[in-house]
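# A look at the structure
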Amino acid sequence: MNKAAVLPLPAGAEQTAGPARCLGLDPGLNRTGYAVLEHTPRGPRLVEGGVLRSNVDDPLAVRVAEIGGGVRELIREFAPRLIAVEQVFAHGRNYSSSLKLAHCRGAILLAAGEEGVPVEALAPTAIKARACGNGRANKAQMQRSVSTELGLKDVLEPNDVADAAAAALCVFGRLRAVAA
């Protein structure tokens with residue numbers, strides 16, 4: 001399924017004034033990529049991108065809390081009007097990885113809900129198709145395509161940041177409507 005699932009803004013929550021920004025997230029328990037895009041008259045502009053990391057030696061609950069806390073800090077610092085996050089997918093027989101990804105995604109959704117920011121969940125194939133025209137694009141194709149669309153001289157590194165920026169670009173049209 002390539003359709004985006006939207007979590008509505010909680011009752012009583014107000015949109016943040018200021019620049020129209022979107023926070024894209026590529027969830028992972030070890031590394032969660034993030035990219036903050038801002039609406040400008042020329043189109044999307046990358047404000048900041050990076051990776052949230054958890055300590056692999058910590059218990060699962062601590063690691064999930066680290067990711068959730070990092071997302072909460074990003075929301076408070078950049079005041080996005082919208083968050084785009086990749087949906088969980090099960091690949092092959094490795095359901096353990098999918099469950100860990102789901103825990104991470106849950107922390108992201110909790111932070112967004114507590115901070116009153118709506119979330120759009122996107123299938124990985126939909127993100128790749130939007131960024132590259134191919135739902136099966138590889139990491140290098142994604143990095144080149146996203147970097148080109150954002151007008152960057154260099155390719156976004158690591159690929160988690162490029163994936164997060166691609167997710168944000170998928171919902172950028174909706175962000176522009178919010179800004180207008």
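The structure presented is a predicted model; accordingly, all values stated were derived computationally and were not measured.

## Comments concerning the overall build of the chain
For the chain, the count of helices and strands is 6 helices and 6 strands. Listing every helix and strand of the chain by position from the N terminus yields β-β-β-β-α-β-α-β-α-α-α-α. Only carbon and sulfur atoms are counted for the fraction: they give 51% of the accessible area of the chain, which is about 9,100 Å².

## Considering the layout of surface pockets
As a volume, the largest pocket reaches approximately 590 Å³. Looking at the largest pocket, it is lined by 24 residues, and the ones nearest its centre are Asp26, Pro27, Glu86, Phe89 and Leu101. Sorting the residues of the lining of the largest pocket by element identifies helix 2 (95-115), helix 3 (124-132), helix 4 (139-149) and helix 5 (159-170) as the ones contributing at least two each. Here the residues of the lining of the largest pocket are counted per class, giving 7 nonpolar, 7 polar and 10 charged.

## Things to note about the confidence of the model for the chain
Overall, the predicted model of the chain reaches an average pLDDT of 84, with 85% of residues at or above 70. Per-element mean pLDDT across the chain ranges from 35 in strand 1 (residues 5-7) up to 97 in helix 1 (residues 60-78). Considering only residues more than four positions removed or in separate chains, one finds that residues 1-16, a stretch of pLDDT under 50, has 31 contacts.

## Here's the deal with the pattern of salt bridges
Inspection of the entire model under this criterion finds 8 salt bridges. We note a salt bridge from lysine 139 to aspartate 163, for which the minimum N-O separation is 2.6 Å. Here lysine 139 is found in helix 4, whereas its partner aspartate 163 is found in helix 5, with 24 residues between them in sequence. Accessibility expressed as a relative area gives 41% for lysine 139, which makes it partly exposed. Aspartate 163 gets classed as buried once you look at its relative accessible area, which sits at 6%. Residues joined in a network through salt bridges with shared partners are Arg72, Arg76, Glu114 and Glu115.

## A word on the pairing of strand 4 (residues 43-53)
Sheet topology places strand 3 (residues 31-40) next to strand 4; 10 bridges connect them, and they run antiparallel. Each residue of the ladder has a partner; that of alanine 35, found in strand 4, is glycine 49. Hairpin geometry of strand 3 and strand 4 is characterised by an intervening segment of 2 residues between the two adjacent antiparallel strands.

## Looking at unusual backbone geometry
Cis geometry is adopted by the peptide bond preceding proline 158, which originates at glutamate 157 and carries an omega value of -15°. By the element assignment, proline 158 lies in the loop between helix 4 and helix 5. At alanine 79, a position not held by glycine, the phi torsion is positive, near 45°. Note on placement: alanine 79 falls in the loop between helix 1 and strand 5 (82-86). Judged by its relative accessible area of 25%, alanine 79 falls in the partly exposed class.

The rules behind the values
- Residues numbered from 1 in each chain as written.
- Predicted model: local features only at pLDDT ≥ 70, side-chain atom pairs only at ≥ 80, totals over all residues.
- Heavy atoms only, no water.
- Helix = DSSP H or I, 4+ residues; strand = E, 2+ residues; numbered from the N terminus.
- Areas by Shrake-Rupley, 256 points an atom, 1.4 Å probe, with all protein chains shown as cover.
- 1 Å grid on protein atoms, 1.4 Å probe; cavity = no way out; pocket = protein on both sides within 12 Å on 5 of 7 lines; lining within 4 Å.
- Points joined across faces, edges and corners; volume = space filled by probe spheres on them.
- Nonpolar A, V, L, I, M, F, W, Y, C, P; charged D, E, K, R; others polar.
- pLDDT = per-residue confidence, 0-100.
- Contact = heavy atoms within 4.5 Å.
- Salt bridge = Lys/Arg side-chain N within 4 Å of Asp/Glu carboxyl O.
- Buried < 20%, exposed > 50% of the residue type's maximum accessible area, 1.4 Å probe, protein only.
- Pairing = 2+ DSSP bridges.

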